[in-house]
Amino acid sequence: MAERTALDRPAEQLNEAALLRRVLAGEYDLFYELVRPYERRVYAAAFAILRNEADTEDVAQEAVLKAFKYIRQFRAESRFSTWLIQITVNEARMRRRKAHANLMEPIAGREDEEGNYAPRDFADWREIPSETLERKEVRQKLAEALAELGQIYREVFVLRDMQHLSIEETAKALGISTASVKTRLLRARLMLRDLLAPGLGGGWSSKLSFAKGTKPW
Amino acid sequence: MVVSCEQVWREVSNYIDGEVDPALRVAIEEHIRGCRQCAAVLTGTRNVVELYGDERMLEVPFGFGQRLHRRLDESMPHPRRSFLGWMAAAAAAVLVAGSFEIVRSLHSRSPQPRSELAQRGKGIPPDLKVVATEEGRLFHVPGCEFIHDKTKLRAMTAAEAERQGYAPCPRCLKQYLVAEEGSPPKGVSS
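Residues numbered from 1 in each chain as written. Chains lettered and ligands numbered in written order. Predicted model: local features only at pLDDT ≥ 70, side-chain atom pairs only at ≥ 80, totals over all residues.

**Describing the overall build of chain A**
Note the cut-off: A run of H or I in DSSP becomes a helix once it reaches four residues, and a run of E becomes a strand once it reaches two; helices and strands are each numbered from the N terminus. Partly exposed residues are those falling between the two cut-offs: more than 12 but fewer than 20 other C-beta atoms within 10 Å of their own, whereas 20 or more means buried and 12 or fewer means exposed, with C-beta atoms placed from the backbone. Residue pairs are scored as contacts if the distance between their C-beta atoms, which are placed from the backbone, is within 7 Å.
Check the secondary structure of chain A and you find 9 helices and 0 strands. Along chain A, from the amino end to the carboxyl end, the secondary structure elements read α-α-α-α-α-α-α-α-α. For chain A, buried positions account for 41% of its 217 residues. Residue pairs at least 24 apart in sequence account for 67% of intrachain contacts in chain A once pairs closer than 6 positions are excluded.

Here's what the structure looks like:
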């Protein structure tokens, strides 16, 4: 194998297909460059299922190692990121089955998927400035609300609304139908709104007072 | 067409994603104008999508990337090098380190993506008028409902936005997102 030249070094300059070809040709140390743009997605997908930082990091690493092991089975007509997320979802689900065999799902997860979901709260929630996300407490509360969802809703919501996968990609990564993705996504969004709107209605930016110890939700 | 509150709740998610036909869209909008509760449901649901869709919600622990890289490195098959091979590698490393800054400056005109996660667009008309915020990562069609901060918008062409590393909004410009084709991989599931 020829030594790489300095000009080859900023591997992000190479496109994904070229990187893939080089990895398949034996330049294994370039595999990380292939994965790097998606490492946060891998972590987020695993965390959506496991909700535990230590397990998530381990599973995310295992998923990437597995992707490397099976790289020759990757079909180039599929998006590499979706394939990687699919492996991550499988790894995380396996870990969860082993570790949490008897875990009770949160209440919000027991909804009947086929039935209709009616909003429970009609608190007015006005337009909100995204600056609120600069507050760690706000992000923490959003994360807590997400953790309240049942796993099947959280998985769909994280892939679709947080990672911006398409409906079809989400369905593929989770091994479910597009109709299920849409149904679960609707419920996930409505449940999160129900969880967040009552506390945030009308006072998102001006009335938050975490610093004073008063929690608005 | 007249729709009930229940129909609005059933379709609110598809409505936000632009997945309802024009007649139903008009009917939902008509309903919402006269129904405060459904208006609250729509606004709140849209806020949920907007807030969680922000990259700041995808936090990873500090050092995650390095640890991942290290673990990957440890499990990679590495060919054994001879002494001369090591010397050559060390010399190459010095050269690489020395020229790295030069290489960086050579490439500095390439757009650095503002978002690692957003999908790239394809076939966007270069002179399409779009807007973006200085701190944002996406560019939008003017009037898009998913613009985070409407007070700091800068107008530009799509070509300019892409040059500056912005990615297309997955909502208002979704027809230009690079579509995926093909089947899922086989043999990697549990």
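Read on for the rest.
**Comments concerning the overall build of chain B**
In terms of regular secondary structure, chain B is built from 6 helices and 4 strands. Secondary structure elements in chain B, listed N-terminal to C-terminal, are α-α-α-α-α-β-β-β-α-β. Within chain B, buried positions represent 25% of all 190 residues. Expressed as a percentage of contacts within chain B between residues at least 6 apart in sequence, the contacts between residues at least 24 apart total 64%.

**A closer look at the nonpolar core**
This is how it is decided: A set of buried Ala, Val, Leu, Ile, Met, Phe, Trp, Tyr and Cys residues, joined through C-beta atoms within 7 Å, is what we mean by a nonpolar core.
In this structure, V42(A), A45(A), A46(A) and L84(A) are the most contacted members of the largest nonpolar core, which totals 68 residues. When residues of this core are assigned to their parent elements, the largest contribution, 10 residues, is made by helix α9 (residues 178-200) of chain A. Among the nonpolar cores identified, the runner-up in size contains 13 residues, and I124(B), V131(B), A161(B) and A167(B) belong to it.

**A word on the packing of helix α5 (residues 80-99) of chain A against helix α8 (residues 167-174) of chain A**
The relative placement of two packed helices is expressed as an angle between their axes plus a distance between the axes. All names here are of chain A. This is how the line gets drawn: Between N-to-C directions, angles span 0 to 180 degrees; the directions come from axes that are lines fitted to C-alpha atoms, helices contributing only their stretch in contact. With respect to orientation, any angle under 35 degrees is reported as roughly parallel, any angle over 145 as roughly antiparallel, any angle of 65 to 115 as roughly perpendicular, and every other angle as oblique. By convention, the crossing between two helices is left-handed when the near helix turns anticlockwise from the far helix through less than a right angle, and right-handed when the turn is clockwise. Here the term charged refers only to Asp, Glu, Lys and Arg, the term nonpolar to Ala, Val, Leu, Ile, Met, Phe, Trp, Tyr, Cys and Pro, and the term polar to all other amino acids, Gly among them.
Where α5 contacts α8, the two axes come as close as 8 Å, and the packing angle between them is 40 degrees. As summarised for this structure, α5 and α8 are arranged oblique, according to the angle between their axes. Between α5 and α8 lies a crossing of right-handed hand. Contacts between α5 and α8 involve T82, I85, Q86 and V89 on the former and, on the latter, E169, K172, A173 and L174. Broken down by class, the residue content of the contact of α5 with α8 amounts to 4 nonpolar, 2 polar and 2 charged.

**Considering unusual backbone geometry**
All names here are of chain A. Positive phi, normally seen in glycine, also occurs at R51, with a value near 55 degrees. A count of 16 C-beta atoms within 10 Å places R51 in the partly exposed class. Phi is positive for H164, close to 60 degrees, though the residue is something other than glycine. Look at H164 and you get buried, because 23 C-beta atoms sit within 10 Å.

**Here's the deal with the packing of helix α4 (residues 53-69) of chain A against α5(A)**
Residue and element names in this part refer to chain A. Packing of α4 against α5 brings their axes to within 9 Å, and their N-to-C directions diverge by 135 degrees. The orientation of α4 relative to α5 falls into the category oblique. In the packing of α4 onto α5, the handedness of the crossing is right-handed. Contacts between α4 and α5 pair D55, V59, A60, E62, A63, K66 and A67 from the former with L84, I87, T88, E91, A92, R95 and A99 from the latter. Grouping the constituent residues of the contact of α4 with α5 by class yields 8 nonpolar, 1 polar and 5 charged.

**Things to note about the environment of R193(A)**
Within the element layout of this structure, R193(A) appears in helix α9. Taking the C-alpha atoms as reference, R193(A) lies 8.4 Å from P119(A); in sequence the two are 74 residues apart.

**Quick word on the environment of R95(A)**
Residue and element names in this part refer to chain A. Relative to the elements of secondary structure, R95 occurs in helix α5. Measuring from C-alpha to C-alpha, the distance between R95 and D55 comes to 8.1 Å, with 40 residues separating the pair along the chain. The contacts of R95, once residues within four sequence positions are left out, are L50, D55 and V59.

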